[in-house]
Amino acid sequence: MENEQLSLPNYNIPEDIRDVVAVTTLDRLYNWGRRSSLWPLTFGLACCAIEMIAAQMARYDMARFGMEVMRPSPRQADMILVSGTVTKKMLPAIIRLYNQMPEPKYVVAMGACASGGGPFKEGYNVVAGIDKFLPVDVYIPGCPPTPQALIAGLIKLQEKIDKDSLKKVRWYQKGKEDPNYVPMPILGPDLIDVRRNEEYKQAAAVKEGA
């Protein structure tokens with residue numbers, strides 16, 4: 001959303017004051033501020049992280065989109081770029097970082113491995129897509145995606161933010177429970193998703209009955 005798009009299209013502002021006056025809605029102003037200052041978490045998993053680093057360099061310059069401030073702390077980040085293969089051993093750490101991020105927060109699955117497991121999908125130690133545990137906002141295809149693909153995906157995320165409304169966003173809804181909280185999985189002989197406990201119990205009961 002460019003500065004001139006901040007104003008509503010049905011208002012004709014004189015050209016000589018267009019740089020200092022805008023007629024808009026609170027939703028558009030709020031979304032314009034958020035989309036223009038998305039701070040990613042300094043976090044990388046595998047070869048996709050090299051492309052993420054390249055996208056921050058001068059040739060591609062993500063500072064144009066307000067995304068150049070890679071934060072070392074999840075409590076200062078707005079977005080987590082899952083860039084690389086998600087192993088079962090690494091997943092609890094990713095979820096811990098996600099839960100520590102304040103709302104509003106976004107998840108971008110960068111590359112084939114983060115989106116669906118990639119070439120390691122059938123591996124015994126690989127999670128077949130981060131969306132099995134975290135709510136993904138944007139998927140970026142590729143193995144690995146180029147910096148141009150990453151920037152295109154982040155522009156899609158900006159377009160999604162533009163459609164938000166203060167009346168409907170989850171972080172302003174009443175209620176003490178965080179609707180986006182993800183319980184920590186248990187890493188034992190295999191990865192156990194505690195949200196599926198009832199399903200595990202039913203499967204065990206069927207097996208014992210047989």
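Asks: Run through the sheet that holds strand E2 (residues 106-110), naming residues and quoting values.
Replies: An order of E1-E2-E3 is seen for the three strands of this open sheet, with the pairing classed as parallel. The strands lining the two open edges of the sheet, one partner per strand, are strand E1 (79-83) and strand E3 (138-140). Going from strand to strand, the sheet's axes swing by 20° on average, the running direction of each strand aside. Taken together, the three bridges between E2 and E3 define a ladder with parallel strand orientation. When the sheet's bridge partners are listed, Ala109 is paired in E3 with Tyr139. Docked against the sheet, helix H2 (residues 48-55) engages E1 and E2, running at close to 130° with respect to E1. Where helix H5 (residues 147-162) meets the sheet, it contacts E1, E2 and E3, and its direction lies at approximately 165° from that of E3.

Asks: So what about helix H3 (residues 91-100)? Which residues, and what values?
Replies: Three or more residues of H3 are buried, namely Leu91, Pro92, Ile94, Ile95, Tyr98 and Asn99. The buried residues of H3 occupy one face: seen down the axis, they fall within an arc of 160°. Contact partners of the buried residues in H3: E1, E2 and strand E5 (191-192).

Asks: Got a sec to walk through the packing of helix H1 (residues 26-35) against H5? Specific residues and values, please.
Replies: Relative to each other, H1 and H5 sit at 160°, their axes nearing to 9 Å. One element, H1, and the other, H5, form an angle in the roughly antiparallel class. For H1 against H5, the interelement crossing comes out right-handed. Seen from H1, the contacting residues are Asn31, Arg34 and Arg35; seen from H5, they are Gln158, Glu159, Ile161 and Asp162.

Asks: Describe the nonpolar core, with residues and values.
Replies: By size, the foremost hydrophobic cluster in this structure holds 23 residues, and its most contacted members are Leu38, Met62, Val108, Leu150, Leu154 and Leu157. Sorting the residues of this core by element identifies H2, E1, E2, E3 and H5 as the ones contributing at least two each. With sequence-adjacent residues up to four places away left out, Val108 is seen in contact with Met79, Ile80, Leu81, Val82, Val138, Ile140, Leu154 and Leu157.

Each value, and the rule that gives it
- Residues numbered from 1 in each chain as written.
- Predicted model: local features only at pLDDT ≥ 70, side-chain atom pairs only at ≥ 80, totals over all residues.
- Heavy atoms only, no water.
- Pairing = 2+ DSSP bridges.
- Helix = DSSP H or I, 4+ residues; strand = E, 2+ residues; numbered from the N terminus.
- Axes fitted to C-alpha atoms, helices over the stretch in contact; angles between N-to-C directions.
- Contact = heavy atoms within 4.5 Å.
- Buried < 20%, exposed > 50% of the residue type's maximum accessible area, 1.4 Å probe, protein only.
- Arc of directions from axis to C-beta.
- Parallel < 35°, antiparallel > 145°, perpendicular 65-115°, else oblique.
- Left-handed = near helix turned anticlockwise from the far one by under 90°.
- Core = buried A, V, L, I, M, F, W, Y, C linked by side-chain atoms within 4.5 Å.

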